[in-house]
Amino acid sequence: MIKVCIADNYPVVHFGVKSYFKDHADISITANVGSFLMIRDILLTKDIDVLILDLELEGLASIFEVKSIIKNFPKTKIIIYSGLSEQIYAPNAIKAGVSGFVHKREKLETLGQSIVKVQQGKIIMNETVKKNLALIAKQSKSERLYRKLSNREVEVLRYLSGGKKNHEIADILSLNEKTISTYKLRLLTKLNVTNLVDLVDKAKKLEIV
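Residues numbered from 1 in each chain as written. Predicted model: local features only at pLDDT ≥ 70, side-chain atom pairs only at ≥ 80, totals over all residues. Heavy atoms only, no water.

If you check an unreviewed UniProt entry, the protein appears there as Response regulator transcription factor from Flavobacterium muglaense.

What follows is the structure, given as structure tokens:
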């Protein structure tokens, strides 16, 4: 039996996923957490095979924190289960070491299949993302964007788009405010805009936020 922990902000997700897998032959939902801070305690006290993690989970500020979980609990596979854009976030998440990315628009049947596959050692991505990774030259501007932006730049852009100030982002990511200003300048350059309003607008159009 594959033991699974669900890490998500919303009770309806916990209830829906747990209800769906209640009588599953191979999958058992053995833990539920509502914040990133709770994950470490669960992994220290329970034998979890697969962690289903939303990138927008409360307390999760950076993909680098996910990398820390992967490093400290190598036996636990991680599947990102998120409503964020696969084109932007799946490649970066896979590069960070997660075992799969399943968009929340997918059926729970797909999530179940992904859990079984990652437990077998496979990497799970949407077919479109796989093709984009393999056919860089044919990608559209939005599909290529993940190669232009680093993990940290994507994170800073998300917080800027959410209305956070430089000093607030610095506190969240435990970075110097000057460093955030540098990331902001890089973002303006890479996305070919000259101000924050246009930067946020472009991020939304490209489904980065």
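### Describing empty space enclosed by the protein
Going by this rule: Whether a set of points on the 1 Å grid over the protein atoms alone is a cavity depends on a 1.4 Å probe fitting there but being unable to get out, while an open set qualifies as a pocket with protein on both sides within 12 Å along at least five of seven lines; lining residues are those with an atom within 4 Å of a point. Grid points are joined across faces, edges and corners, and a volume is the space filled by probe spheres set on the points. For this classification, Asp, Glu, Lys and Arg are treated as charged, while Ala, Val, Leu, Ile, Met, Phe, Trp, Tyr, Cys and Pro are nonpolar and the rest, including Gly, are polar.
For the coordinates displayed, the defined rule picks out one cavity of 30 Å³ or more. The volume enclosed by the largest cavity comes to roughly 160 Å³. Surrounding the largest cavity, 13 residues form its lining, L55, I63, Y89, E155 and R158 being those nearest its centre. Within the lining of the largest cavity, the residues separate by chemical class into eight nonpolar, three polar and two charged.

### Quick look at the side chain of E155
Which entries qualify depends on this criterion: Helix and strand assignments come from DSSP, with helices taken as H or I runs of at least 4 residues and strands as E runs of at least 2, each series counted from the N terminus. Working rule for contacts: check all heavy atoms of both residues, and any pair within 4.5 Å makes them a contact.
Among the secondary structure elements, E155 is positioned in helix α8 (residues 151-161). Among residues more than four places away in sequence, those in contact with E155 are A61, S62, I63, F64 and L173.

### A closer look at the packing of aromatic side chains
Using the following cut-off: Paired rings are identified among Phe, Tyr and Trp, the last through its six-membered ring, by centres lying within 6.5 Å, and are further divided according to the angle between planes into stacked (under 30 degrees), edge-to-face (over 60) and tilted (the rest). Relative accessibility thresholds used throughout: buried, under 20% of the residue-type maximum; exposed, over 50%; partly exposed, between the two (1.4 Å probe, protein chains only).
Summed over all chains, the structure comprises one aromatic pair. Ring geometry for Y20 versus F21: centroids 4.9 Å apart, planes at 85°, classification edge-to-face. Assessed through its relative accessible area of 42%, Y20 is described here as partly exposed. We classify F21 as buried; its relative accessible area is 2%.

### A closer look at the packing of helix α9 (residues 166-173) against helix α10 (residues 177-190)
The condition is simple: Orientation is described by lines fitted to C-alpha atoms, with helices fitted over the stretch in contact, and by angles between N-to-C directions that extend from 0 to 180 degrees. By the definition adopted for this analysis, an angle is roughly parallel if under 35 degrees, roughly antiparallel if over 145, roughly perpendicular if from 65 to 115, and oblique otherwise. With the far helix as reference, a near helix turned anticlockwise by less than a right angle produces a left-handed crossing, and one turned clockwise produces a right-handed crossing.
The contact between α9 and α10 brings their axes to 8 Å, and the two run at 110°. Viewed along their axes, α9 and α10 adopt a mutual orientation that is roughly perpendicular. Of the two elements, α9 crosses α10, and the hand of that crossing is right-handed. Residues N166, H167, I169, A170 and L173 of α9 lie in contact with α10, whose contacting residues are E177, I180, S181 and K184. For the contact of α9 with α10, the residue count by class is four nonpolar, three polar and two charged.

### Some words on the side chain of S62
Stated formally: Counting of polar contacts relies on pairs of N or O atoms within 3.5 Å, with two restrictions inside protein: one atom must be capable of donating a hydrogen and the other of accepting it, and residues adjacent in sequence are counted only when both atoms are side-chain atoms.
Examined against the element boundaries, S62 turns out to sit in the loop between β3 (50-53) and α3 (63-72). With relative accessibility at 7%, the residue S62 sits in the buried group. At 3.0 Å, the side chain of S62 forms a polar contact with the backbone nitrogen of F64. Only 3.1 Å separates the side chain of S62 from the side chain of E155, close enough to count as a polar contact.

### Comments concerning the layout of surface pockets
When its volume is computed, the largest pocket comes out at roughly 250 Å³. T110, S114, I124, M125 and N126 are the residues nearest the centre of the largest pocket, which is lined by 15 residues in total. Broken down by secondary-structure element, the contributors of at least two residues to the lining of the largest pocket are β5 (100-103), α5 (108-119) and α6 (127-134). Looking at which element gives the most residues to the lining of the largest pocket, the answer is α5, with four residues. For the lining of the largest pocket, a count of residues per class yields five nonpolar, five polar and five charged.

### Concerning unusual backbone geometry
In this structure, S174 takes a positive phi of about 55° despite not being glycine. Summarising the element assignment, S174 is placed in the loop between α9 and α10. For S174, a relative accessible area of 65% corresponds to the exposed category. Its identity as a non-glycine residue notwithstanding, N192 has a phi of 60°, on the positive side.

### Here we look at the nonpolar core
Under the convention used in this document: The term nonpolar core refers to a set of buried residues drawn from Ala, Val, Leu, Ile, Met, Phe, Trp, Tyr and Cys, joined through side-chain atoms within 4.5 Å.
I39, L53, I78 and I208 are the most contacted members of the largest nonpolar core, which has 49 residues in total. The residues touching I39, leaving out its near neighbours within four places in the chain, are A7, V33, L51, L53, L57 and I69. The next biggest cluster of nonpolar side chains, apart from the first, holds 17 residues, and it includes F21, I79, V102 and I115.

### Here's the deal with the UniProt feature "modified residue: 4-aspartylphosphate" (unreviewed entry) in the protein
Put simply, the rule reads: UniProt positions are given in the numbering used here, feature names are shortened, and annotations may be inferred rather than shown by experiment.
Per the UniProt record, "modified residue: 4-aspartylphosphate" (unreviewed entry) is found at D54. Looking at the element boundaries, D54 is found in the loop between β3 and α3. Overall, D54 belongs to the buried group, its relative accessible area being 3%. Once residues within four sequence positions are removed from consideration, D54 is found in contact with A7, D8, L60, Y81, S82 and K104.

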